Amino acid sequence: MTTVLAVDLGSASGRVLAGTLHDGRLDVTDIHRFKHEARRREDGTLTWDVATMEAETITGLKKALEQFPDARAVSIDTWGVDWAPLDENGELVGDVIAYRDERTSRTLDAFRDRIGDREFFDLTGNQPATINTANQLFAYLQENPADAQRVAAALFLPDYFAYRLTGVVGWSRTIASTSGLLTPGGGDFNDEVFNRLGIPRGWFGDLSADRTVVGPCTVPGLETLTVVRGGAHDSACAVHGLPIEEGKRAYFLSCGSWSVLGAIEDQPLMSDAAFDLGITNEGRTDGGVRPLFNITGMWILQEIQRQWEREGTPTDTDELVAQARELPAASGVFDPDEEAFATPGDMQRKIDEALDAQGAARPDSMAGYVRVIIESFARRYARAIGELTEATGLAPDQLNLVGGGARNRLLCDLTAQISGVTVVRGPIEASTFGSLLAQLETIGALAEEERATVIAASAATHVHVPTRS
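Quick caveat, the model's predicted, so the values are computed rather than measured. (Residues numbered from 1 in each chain as written. Predicted model: local features only at pLDDT ≥ 70, side-chain atom pairs only at ≥ 80, totals over all residues. Heavy atoms only, no water.)

## Observations concerning the environment of Leu 46
Within the fold, Leu 46 resides in strand S5 (residues 46-48). Counting along the chain gives 146 residues from Leu 46 to Glu 192, while the straight-line C-alpha distance between them is 29 Å. (Helix = DSSP H or I, 4+ residues; strand = E, 2+ residues; numbered from the N terminus.)

## A short note on the packing of aromatic side chains
Taken as a whole and judged by the stated rule, the model has 17 aromatic pairs. Residues Tyr 160 and Phe 161 carry aromatic rings whose centres are separated by 5.3 Å and whose planes lie at 65° to one another, so their mutual orientation is edge-to-face. For Tyr 160, a relative accessible area of 4% translates into the label buried. Here Phe 194 and Phe 204 contribute two aromatic rings whose centre-to-centre distance is 5.5 Å and whose plane-to-plane angle is 70°, an arrangement assigned as edge-to-face. Pair noted here: Phe 194 is in helix H9 (residues 191-197) and Phe 204 is in the loop between H9 and strand S11 (207-208), with a separation of 10 residues, a long-range link. A relative accessible area of 5% places Phe 204 in the buried class. In textbook terms, an aromatic cluster arises when at least three aromatic residues are bridged by ring pairs, as seen for Phe 156, Trp 171, Phe 189, Phe 194 and Phe 204. (Phe/Tyr/Trp six-rings, centres within 6.5 Å; stacked < 30°, edge-to-face > 60°. Buried < 20%, exposed > 50% of the residue type's maximum accessible area, 1.4 Å probe, protein only.)

## Considerations on helix H15 (residues 366-392)
With 27 residues, H15 extends 39 Å between its outermost C-alpha atoms, agreeing within 8% with the 39 Å of an ideal straight helix rising 1.5 Å per residue. The buried fraction of H15 is high, at 21 of 27 residues. A positive phi of about 85° marks Gly 393, the residue just after H15. (Expected span 1.5 Å × (residues − 1).)

Have a look at this one:
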């Protein structure tokens, strides 16, 4: 029996969980959950509260060791692209600035003067985007030159928290593959990108493969733990824990505030079609590639619920989805990727305007709006599956849908029905599941060839088969 711990940090919350491998089954225990939020400084800069994330992580790990004193290892995963600047003493230089901060938009034209959009894709395999680490670093050098002079190392967020636990500085491949700083497929840092953008190459060291050891934990009370790279990027962790039968070709859909649809490949997709579709190539925990693209996700449903609650009407997601399930098909849908739906505020009005433009009737209830939103997601996912099939040349046998959206049975049913592809729903906590499995492989408690068997025995899943008319 072997226990390892996973720290999964999202952009609004974090959690610490334990996974115990026993008789070929992985049992997961929820230990500690907490919330955090990005903060605006007085000058308007949007920053992450990494101090709270670190303190809560340590609290959670201490709770975990109280319950599982023989736990052997821990790994940290986060969302992509964000980074922390360290000085020569290993201390933060100012704040950790969030990817949604407007500085990268202000410096975008200057960035494109150095590297055009298509050339950026050809150099890195990543789509050009203001949130990319490459754009963030360029903006930092342009707008914070005094701080930049003090920087000795730039760590991606999961590597920063691993450093805080161990004192070891490192750069994990999966999280680095989100940055726009690597060669296509994530083999190594791309020196040409650094040179063209004027980013000091000395801020980054050698790239480390996932499923390797960072070092022993040095935090008092946690010294029995070994920190490992169990897949530093949350989406990479999720893919590592997918239940896929041997011989089946699967696409994956990680459905949270953002939806990420992708394929599992050995080589990056670098064609004109891949660029035109917005595909970006990111690393897998096992060393392969995840060609994927982002779709606006459950954020829209979350935002309209926040609006209703601000207006004085409490909402319950499960109840609203159950009510929406009983309603007929929506008279009209909208494209979740339209720019209006990417920004907060008055989501109901935005949906109304999209329906008005089609001559479709507005919903007459909250459940009606939820039905429109979920059906809009399902139709967008179905279209995206077709687009990804065109880019890869091979249709999937199934779509593995994980994340918070996997709790939404109506979404899974409609996605299967509209796309014509079998949807395998779950595990919901896929990123944690994949992190735990990767750690067990790293420390030698689980052979790689046994992973699929353990997933099949442990993961809570449900299959949604499209009906044939």
